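The residues making up each chain are set out below.
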Amino acid sequence: MTNTTHFGYKTVNEDEKVKEVAKVFHSVAAKYDVMNDLMSGGLHRIWKAFTIANAAVRPGMKVLDIAGGTGDLAKAFAKQAGPTGEVWLTDINESMLRVGRDRLLNKGLVTPTLLCDAEKLPFPDNYFDRVSVAFGLRNMTHKDAALAEMRRVLKPGGKLLVLEFSKVAEPLQKPYDVYSFSVLPWLGKKIANDSESYRYLAESIRMHPDQETLKTMMQAAGLERVQYYNLTAGVAALHTGIKL
């Protein structure tokens, strides 16, 4: 019997979701950063900067950036880890990974890039000092399996950082919904010639676990000292956890 899951508000077979998510990111890769700036008013850069500060990567560290897309976090981590460090940029989507790889090379940063599934990471146990995933967890079919894999590859004492859209504060819910389901698809049509992908992105945010639920999921995956920081009234949240 085929298992089902959600793709935005639709219920689809798990295999179908993987293909549909891939289509979305193949479509938006070229305009991804432009659209992020427009959609968030540039706030995504502040959220990422906060995540990078919390990671506190030091020279010589090994870092894994999952669903790293266009490479914003990997670029910062590579500079911080320095020539003695090891920073991997990974993504399940080839179009996104190519954009990120080229951007790193254009900045003079030669760091390994790998096409891989976060639910089946091809790395040994206890290998990385830091693992990060920014705006990628909500697109994963089996989030519990992905979180368990992230914990597995962390060294004891290592930190996982999950930056993701989350549940906005109640007073902002109605205007946020209007923005998400009216303005975002319109922007997607005008800038990326793709309104449906941005409608899916808005729906996927609503289907993603809220702050407390994700905290519980990270604890269930075996992470300790799990906490979260609401960013911009909960539009996004950074969750962190330690492997002890």
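Remember, predicted model here, so these are calculated numbers, not experimental data.

**A few points about the pairing of strand β9 (residues 236-242)**
Argument step 1. Of all seven residues that make up β9, seven are buried, and the element is covered over most of its length.
Argument step 2. Of the two faces of β9, the one holding A236, L238, T240 and I242 and the one holding A237, H239 and G241 are both buried throughout.
Argument step 3. Bridge count between strand β7 (residues 154-165) and β9: seven bridges; the pairing is antiparallel. Paired with L160 across the bridge in β9 is G241.
Argument step 4. As paired elements, strand β8 (residues 224-231) and β9 share six bridges and run antiparallel to each other. Note on β9: the bridge partner recorded for E224 is I242.
Argument step 5. The antiparallel pairing of β8 with β9 creates a hairpin that spans four residues between the two strands, and T232 there sits at a positive phi of about 50 degrees.

**Structural notes on the UniProt feature "binding site: S-adenosyl-L-methionine" (unreviewed entry) in the protein**
Argument step 1. The sites that carry the UniProt feature "binding site: S-adenosyl-L-methionine" (unreviewed entry) are, in the present numbering, T70, D91, D117 and A118.
Argument step 2. Along the chain, T70 turns up in the loop between β3 (62-66) and α4 (72-81).
Argument step 3. Those residues in contact with T70 that lie beyond four places of it in its chain are Y32, D33, M96, V99, G100 and R103.
Argument step 4. As for its placement among the helices and strands, A118 is situated in the loop between β5 (113-115) and β6 (128-134).
Argument step 5. Those residues in contact with A118, other than ones at most four positions away along the chain, are I66, M140, A146 and E149.

**Side note on the sheet that holds strand β4 (residues 86-91)**
Adjacent strands of a sheet form backbone hydrogen bonds with each other and so pair up, either parallel or antiparallel.
Argument step 1. Overall, mixed pairing links the seven strands, which are arranged β5-β4-β3-β6-β7-β9-β8 in an open sheet. Each edge of the sheet is formed by a strand with only one pairing partner; in this case those strands are β5 and β8. Between one strand axis and the next, the sheet turns through 15 degrees on average, direction left out of account.
Argument step 2. The sheet contact formed by β6 and β7 spans six bridges and is parallel. Residue pairing for β7: V131 is matched across the bridge by L160.
Argument step 3. Sheet strands touched by helix α3 (residues 43-55): β6, β7, β8 and β9. Its angle to β7, the strand with the most contacts, is close to 170 degrees.
Argument step 4. Seen against the sheet, helix α5 (residues 94-106) touches β4 and β5 and runs at an angle of roughly 150 degrees to β4.

**Observations regarding the nonpolar core**
Argument step 1. Formed by 29 residues in total, the largest nonpolar core has its most connected members in W47, V57, F77, V87, F135, L163 and F165.
Argument step 2. Contributions of two or more residues to this core are made by α3, α4, β4, α5, β7 and β9.
Argument step 3. Excluding anything up to four places from it in sequence, V87 contacts V63, A74, F77, A78, A81, T111 and P112.
Argument step 4. Counting 24 residues, the second largest nonpolar core, distinct from the first, contains A118, L121, F123 and L214.

**What to know about α5**
Owing to its 3.6 residues per turn, the α-helix aligns residues three or four sequence positions apart on the same side.
Argument step 1. Here α5 contains 13 residues, and its C-alpha end-to-end distance of 18 Å stays within 8% of the 18 Å for a straight helix at 1.5 Å per residue.
Argument step 2. Among the residues of α5, those classed as buried are M96, L97, G100 and L104. Buried residues in α5, looked at end-on, bunch into an arc of 95 degrees, giving them a common side.
Argument step 3. Looking at the buried side of α5, the elements it contacts are α1 (14-28), α2 (32-40), α4, β4 and β5.

Conventions used here
- Residues numbered from 1 in each chain as written.
- Predicted model: local features only at pLDDT ≥ 70, side-chain atom pairs only at ≥ 80, totals over all residues.
- Heavy atoms only, no water.
- Buried < 20%, exposed > 50% of the residue type's maximum accessible area, 1.4 Å probe, protein only.
- Helix = DSSP H or I, 4+ residues; strand = E, 2+ residues; numbered from the N terminus.
- Pairing = 2+ DSSP bridges.
- UniProt positions renumbered as here; feature names shortened; annotations may be inferred.
- Contact = heavy atoms within 4.5 Å.
- Axes fitted to C-alpha atoms, helices over the stretch in contact; angles between N-to-C directions.
- Core = buried A, V, L, I, M, F, W, Y, C linked by side-chain atoms within 4.5 Å.
- Expected span 1.5 Å × (residues − 1).
- Arc of directions from axis to C-beta.

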